[in-house]
Amino acid sequence: MTPRPPSSGPDPKKTAEEKSAKKAAAERTPAKKAAKKTAKTAVKKVVAKETATRETPAKGTPAKKVVAKTAAGKKTVTENAVTRKAVAKKAATKKAPAAKKAPAVKKTAATKNAGTKAAARKTPTPRRTTVKTAPAPVVPAASLALDAGDRERLLAGTHHDPHSVLGAHPVPGGIAVRVFRPYALAVTVLAGELRAELDHDGDGFFSGLLPLDEVPAYRLLVAYEGTVQETEDPYRFLPTLGDLDLHLIGEGRHEQLWQALGAHPTTHQGVTGTRFAVWAPNARGVRVAGGFNFWDGTGHPMRSLGGTGVWEVFLPGVDAGELYKFEITRPDGSRTFRADPLARRTEVPPATSSVVYASDYTWGDDEWLAGRAGAPAHEAPMSVYEVHLASWRPGLTYRELADQLPAYVKDLGFTHVELMPVAEHPFGGSWGYQVTGFYAPTARLGEPDDFKYLVDRLHQAGIGVLMDWVPAHFPRDDWALAEFDGRPLYEHSDPLRAAHPDWGTLEFDFGRREVRNFLVANAVYWCEEFHIDGLRVDAVASMLYLDYSREPGQWTPNEHGGRENLDAVAFLQEMNATVYRRVPGVVTVAEESTAWDGVTRATHHKGPSGFGGLGFGLKWNMGWMHDSLEYMSHEPVHRKYHHGEMTFSMVYAYSENYVLPISHDEVVHGKKSLVSKMPGDWWQQRANERAYLGFMWAHPGKQLLFMGQEFAQGAEWSEERGPDWWLLDPQYGAAADHRGVLDLVRDLNTVYRGTPALWQRDTHPAGFSWVVGDAAEDNVLAFLRCDADGTPLLAVSNFAPVVRPDYRLGVPDEVPAWHEVLNTDAARYGGGDVGNPGPVKPEPQGWHGRPASIRLTLPPLATVWLRPA
């Protein structure tokens with residue numbers, strides 16, 4: 001759990017009743033009364049100075065009257081029992097943001113400056129306003145004030161429709177205006193030529209009657225102690241969400257939900273400001289609090305829009321960059337301050353406020369986007385460099401990373417980067433896997449447009465961008481999603497279903513349509529708004545099984561008596577179908593650690609289990625990773641007893657479309673780095689890693705390698721310090737050893753990308769055939785890869801620490817000669833330089849069930865690749 005910093009808003013335990021009592025007590029003091037009187041005098045001075053440049057009302061006109069002109073040009077004085085104060089035309093002062101913190105101004109200076117500017121400005125000919133003087137029912141002053149129920153609910157923050165009682169509304173005899181401005185001393189309505197000071201009804205409520213036939217476009221002149229602000233009234237505006245938005249939200253099918261909910265700077269009814277909207281169906285009331293209202297949301301209640309559970313308000317004058325939270329009154333009457341679930345920008349952790357955001361980024365990756373849909377991911381080259389942005393080069397911002405990361409990845413030849421989660425998270429030690437801001441890139445490294453710049457630069461360098469996405473669970477922080485509106489909302493209502501048994505987090509309620517909508521739209525959001533090329537979905541297995549990490553009695557079977565989470569299955573199918581439909585060329589990747597049937601099968605194709613496929617494009621091959629690393633960890637003399645661990649993956653290789661991952665999870669928490677997993681001395685460890693990487697790049701499937709492993713870092717990864725770049729410093733004595741592995745990775749990627757046999761038929765059995773898979777005593781593996789035209793590549797791995805001369809292997813007889821295109825024992829990689837330098841011609845002697853054979857020199861602890869000469 002993260003502490004709430006001072007900038008994250010007020011103490012949610014402070015109630016509106018306490019504030020009201022404190023305010024009432026203060027107003028009873030003589031000093032407060034004096035300040036209120038002074039403020040009213042200041043407002044009078046502001047409006048009175050303007051009248052000096054125009055006609056003056058007849059001498060003796062009562063002070064508490066509304067002054068207007070008839071169509072004939074004669075002055076008519078209309079008596080009104082409520083708005084009985086004579087005011088003149090407003091000073092044409094510059095509009096101030098409605099809720100922005102105003103600097104302290106001396107009482108005389110605030111009005112004097114406004115009056116001086118108005119007097120100095122040439123006054124246009126006044127527009128004449130007709131005021132009907134026909135008899136009309138007179139509205140008693142008492143009837144304009146809010147009734148006790150509305151008043152109490154507004155003060156308590158439990159009013160579901162503040163716009164119905166605040167703002168301007170037609171009543172018999174004119175237009176009633178009601179304003180709720182806590183801490184204001186006086187409020188004056190400015191409507192064309194009309195100026196009317198409202199009566200103060202106590203507790204920050206003001207009301208009055210305008211002698212007009214229709215609701216005008218009006219502004220407010222609000223006097224506080226020490227300052228006067230001219231502003232818009234938020235409660236004169238129509239809703240900013242239309243019927244279609246609300247219908248789609250109610251159905252759980254708003255695929256661009258981020259454009260409807262959250263905070264959006266906009267121009268509404270000709271006025272600039274920010275529209276706020278949040279889904280909180282269990283709330284008794286919702287208010288907006290932020291820096292613009294000194295973190296007191298009392299005066300900014302939101303309205304509930306029908307039965308959708310959405311609350312909305314438009315606040316004029318609130319600009320991009322403002323901090324805010326939602327103040328939610330729970331069903332039990334208590335209050336909580338919550339970050340916006342759809343905030344597109346946040347404060348830098350550990351601060352927790354949301355930030356009003358508007359993007360002005362111009363993309364430069366049109367060429368990349370136009371070409372990325374050319375071939376499906378499983379039929380294209382894909383070698384992925386996994387990166388934790390915050391620690392790759394610690395201290396760099398998104399823009400600084402953009403100057404270094406693309407060049408580094410391009411030099412090594414990787415086709416893609418995969419970014420560990422970039423969505424906002426409070427605890428850096430979670431590496432981003434406990435998300436609180438699903439729609440906001442972490443502010444630790446910069447603003448959202450800065451992250452766009454990084455993605456853009458990677459695309460311009462020809463590098464695709466995958467991103468880890470975490471829809472399985474979320475942390476319990478009391479300012480984020482947990483019991484967001486006072487009851488389980490994003491999490492399941494059943495505590496056993498909600499609590500994640502492994503990570504102390506909460507699981508999403510995938511059966512609730514609004515929650516599915518929140519997550520599906522989030523997947524689309526990253527792809528559309530940030531041009532992400534693919535999503536690697538974390539912890540899929542924990543979503544799919546009701547009994548995941550649970551003991552008997554801790555879970556309830558589904559409606560068919562099974563352990564499958566049918567809601568999660570439907571969610572993943574909907575997410576994949578929606579993303580692939582909306583954003584052609586992207587790929588979704590499942591980190592799924594079980595043998596679930598059909599992870600990468602189309603959603604409309606049912607498998608033996610009766611389920612349609614989940615619809616992912618690729619799946620992490622966790623079995624291959626575990627088995628192959630287990631084999632490599634053994635001393636070579638013992639490897640013959642574990643030979644099957646290197647061959648078993650081909651039993652199921654074509655059941656899914658696979659990625660072969662050596663990820664961050666394999667090089668932390670005591671698991672050792674990749675090179676440190678290897679047995680033997682330093683030379684043998686590096687040789688083993690090189691041989692393993694050569695085997696991995698030749699094996700069917702896409703490749704993924706975590707940062708630091710590309711240059712044989714000996715230490716485990718730490719998010720606090722990142723890779724040990726100093727190992728590559730020429731001044732370091734063993735730098736050549738590490739650069740050798742780095743050079744190998746570069747050459748692996750180069751040859752891989754230029755050899756379709758290694759990637760074109762990754763998912764077709766015809767693209768692979770064993771030459772020898774049972775040479776356990778020799779620790780040798782050899783196989784052929786073929787492209788769509790049948791052109792082969794021969795990969796041979798010798799995982800024994802001895803040279804094997806004249807090692808005979810069966811080969812196709814149609815290839816006249818073979819030559820080495822890669823040897824992990826080459827001297828430039830730090831090896832012994834044992835190999836086959838010239839063309840190797842086949843002999844007519846059949847071997848391994850093939851009509852011809854070749855004799856190779858196999859270097860120790862090495863992999864060699866050969867292609868037709």
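Residues numbered from 1 in each chain as written. Predicted model: local features only at pLDDT ≥ 70, side-chain atom pairs only at ≥ 80, totals over all residues. Heavy atoms only, no water.

Caption draft 1: Structural detail: the overall build of the protein chain. The helix and strand inventory of the protein chain stands at 20 helices and 37 strands. Within the protein chain, the proportion of its 869 residues that are buried is 58%. Carbon and sulfur atoms form 53% of the exposed surface of the protein chain, whose accessible area is close to 33600 Å². (Helix = DSSP H or I, 4+ residues; strand = E, 2+ residues; numbered from the N terminus. Buried < 20%, exposed > 50% of the residue type's maximum accessible area, 1.4 Å probe, protein only. Areas by Shrake-Rupley, 256 points an atom, 1.4 Å probe, with all protein chains shown as cover.)

Caption draft 2: Representation of the nonpolar core in the model. Judged by nonpolar contacts, the single largest core of 182 residues is most densely connected at Phe 276, Leu 389, Phe 451 and Trp 526. The element best represented in this core is helix H13 (residues 513–529), accounting for 10 residues. With 20 residues, the next largest nonpolar core counts Val 780, Leu 784, Val 811 and Leu 858 among its residues. (Core = buried A, V, L, I, M, F, W, Y, C linked by side-chain atoms within 4.5 Å.)

Caption draft 3: Just the confidence of the model for the protein chain, in detail. Overall, the predicted model of the protein chain reaches an average pLDDT of 87, with 84% of residues at or above 70. Here residues 1–6 is a poorly scored stretch, pLDDT under 50, and it has 19 contacts once near neighbours within four places are set aside; other chains count. (pLDDT = per-residue confidence, 0-100. Contact = heavy atoms within 4.5 Å.)

Caption draft 4: Broad picture of the pairing of strand S27 (residues 587–590). By the alternation rule, side chains of S27 split into Val 587 and Val 589 and Thr 588 and Ala 590, which are all buried. As judged from the 4 bridges shared by strand S26 (residues 534–537) and S27, these two strands associate in the parallel manner. Note on S27: the bridge partner recorded for Arg 536 is Val 589. When S27 meets strand S28 (residues 618–620), the two strands line up parallel, connected through 2 bridges. Considered in S28, the bridge of Val 589 is made with Leu 618. (Pairing = 2+ DSSP bridges.)

Caption draft 5: Representation of the packing of H13 against helix H15 (residues 566–582). Axis separation between H13 and H15 bottoms out at 10 Å; the angle between their running directions is 30°. The orientation of H13 relative to H15 falls into the category roughly parallel. Between H13 and H15 lies a crossing whose hand is right-handed. Between H13 and H15, the contacting residues are Arg 516, Leu 519, Val 520, Ala 523, Val 524, Cys 527 and Glu 528 on the first element and Phe 571, Glu 574, Met 575, Thr 578, Val 579 and Arg 582 on the second. Of the residues assigned to the contact of H13 with H15, the class counts are 8 nonpolar, 1 polar and 4 charged. (Axes fitted to C-alpha atoms, helices over the stretch in contact; angles between N-to-C directions. Parallel < 35°, antiparallel > 145°, perpendicular 65-115°, else oblique. Left-handed = near helix turned anticlockwise from the far one by under 90°. Nonpolar A, V, L, I, M, F, W, Y, C, P; charged D, E, K, R; others polar.)

Caption draft 6: Highlighting the sheet that holds strand S9 (residues 219–224). In spatial order, the strands read S6-S5-S9-S10; together these 4 strands make up an open sheet with antiparallel pairing. In this open sheet, the two edge strands, each paired with only one partner strand, are strand S6 (194–197) and strand S10 (227–231). Along the sheet, successive strands turn relative to each other by an average axial angle of 20°, direction set aside. In terms of strand pairing, S9 meets S10 through 5 bridges, oriented antiparallel.

Caption draft 7: Highlighting helix H11 (residues 448–460). Taking 1.5 Å of rise per residue, the 13 residues of H11 would be expected to cover 18 Å, and the 18 Å separating its terminal C-alpha atoms lies within 8% of that figure. With respect to burial, H11 is a largely interior element, 10 of its 13 residues being buried. For H11, the set of buried residues is Pro 448, Asp 449, Asp 450, Phe 451, Lys 452, Leu 454, Val 455, Asp 456, Leu 458 and His 459. A positive backbone phi angle near 80° is found at Gly 462, which sits one or two residues after H11. (Expected span 1.5 Å × (residues − 1).)

Caption draft 8: Molecular detail of the packing of aromatic side chains. Scanning the model with the defined rule gives 45 aromatic pairs in all. Seen in terms of ring centroids, Phe 451 and Trp 526 are 6.4 Å apart; in terms of plane orientation they differ by 80°. Their pairing is edge-to-face. Linking Phe 451 in helix H11 with Trp 526 in helix H13, this pair joins segments that are 75 residues apart in sequence. Comparing Phe 451 with Trp 526, the two get one shared label, buried. For the pair Tyr 525 and Phe 530, a centre-to-centre distance of 5.5 Å together with 75° between the ring planes defines the contact as edge-to-face. With a relative accessible area of 2%, Tyr 525 lands in the buried category. It is Lys 452 that lies over the ring of Phe 530; its NZ or CZ is 5.4 Å from the centre. (Phe/Tyr/Trp six-rings, centres within 6.5 Å; stacked < 30°, edge-to-face > 60°. Lys NZ or Arg CZ within 6 Å of the ring centre and 35° of its normal.)

Caption draft 9: Region of interest: the packing of helix H19 (residues 682–698) against helix H20 (residues 735–753). It is the contact of H19 with H20, at a shortest axis distance of 11 Å, that shows an interaxial angle of 10°. With respect to H20, the axis of H19 lies roughly parallel. Judged by residue contacts, Trp 682, Arg 686, Glu 689, Arg 690, Leu 693, Gly 694 and Trp 697 of H19 engage Asp 737, His 738, Val 741, Leu 744, Val 745, Leu 748, Asn 749 and Tyr 752 from H20. Considered class by class, the residues forming the contact of H19 with H20 number 8 nonpolar, 3 polar and 4 charged.

Caption draft 10: View of the sheet that holds strand S20 (residues 416–419). Reading around the barrel, the 8 strands line up as S19-S20-S23-S26-S27-S28-S29-S30 and close back on themselves, with parallel pairing between neighbours. Between one strand axis and the next, the sheet turns by 25° as a mean value, whatever way the strands run. As defined by bridge partners, S28 adjoins strand S29 (residues 658–662) across 2 bridges and the pair is classed as parallel. Within S29, the position partnered with Lys 619 by the bridge is Tyr 658. Its contacts with the sheet put helix H16 (residues 622–633) on S28 and S29, and the angle it makes with S29 is roughly 40°. Set on the sheet, H19 makes contact with strand S19 (383–387), S29 and strand S30 (702–706); between it and S30 the angle comes to about 145°.

Caption draft 11: Summary view of the pattern of salt bridges. Applying the stated criterion across every chain, the model contains 40 salt bridges. Residue Arg 335 is joined to Glu 327 by a salt bridge in which the shortest nitrogen-to-oxygen separation is 3.6 Å. Residues Arg 335 and Glu 327 agree in their burial class; the two are buried. (Salt bridge = Lys/Arg side-chain N within 4 Å of Asp/Glu carboxyl O.)

Caption draft 12: Geometry of helix H5 (residues 148–156). Within the span of H5, buried status applies to Asp 150, Arg 151, Leu 154, Leu 155 and Ala 156. Gly 157 lies just past H5 and shows a positive phi near 75°.

Caption draft 13: Quick peek at the environment of Arg 513. Looking at the secondary structure, you find Arg 513 in helix H13. You can call Arg 513 partly exposed: its relative accessible area is 42%. Along the backbone, Arg 513 and Gly 250 are 263 residues apart, and their C-alpha atoms lie at a distance of 8.3 Å. With near-sequence residues (within four places) excluded, Arg 513 lies in contact with Gly 250, Glu 251 and Gly 252. Of note is the side chain of Arg 513, whose polar atom sits 2.5 Å from the backbone oxygen of Gly 250. (Polar contact = N/O pair within 3.5 Å; in protein donor to acceptor, adjacent residues only side chain to side chain.)

Caption draft 14: View of unusual backbone geometry. In this structure, the amide linkage connecting Pro 349 to the following residue, Pro 350, adopts the cis form with an omega of 15°. Within the secondary structure layout, Pro 350 lies in the loop between strand S17 (335–338) and strand S18 (354–355). Positive phi values are uncommon outside glycine, yet Asp 203 reaches one of about 60°. Mapped onto the secondary structure, Asp 203 falls in the loop between strand S7 (199–202) and strand S8 (205–210). Of note, His 848 is a non-glycine position whose phi angle comes to about 55°, a positive value. Note that His 848 resides in the loop between strand S35 (818–823) and strand S36 (852–858).

Caption draft 15: Spatial organisation of the side chain of Glu 312. By the secondary structure assignment, Glu 312 is in strand S15 (residues 310–316). Polar side-chain contacts of Glu 312 include one of 2.8 Å to the side chain of Arg 303. Among residues more than four places away in sequence, those in contact with Glu 312 are His 163, Leu 238, Pro 239, Thr 240, Phe 276, Ala 277, Met 302, Arg 303 and Leu 305.

Caption draft 16: Region of the structure containing the pairing of strand S23 (residues 464–469). Summarising burial for S23: 6 of the 6 residues are buried, a large majority. The two faces of S23 match: Gly 464, Leu 466 and Asp 468 on one face and Val 465, Met 467 and Trp 469 on the other face are all buried. In the sheet, S20 pairs with S23 via 4 bridges, with the strands oriented parallel. Pairing of Leu 419 across the sheet is with Met 467, part of S23. Bridging between S23 and S26 involves 4 bridges; their strand directions are parallel. Among the inter-strand pairings, Leu 466 is bridged to a residue of S26, identified as Gly 534.

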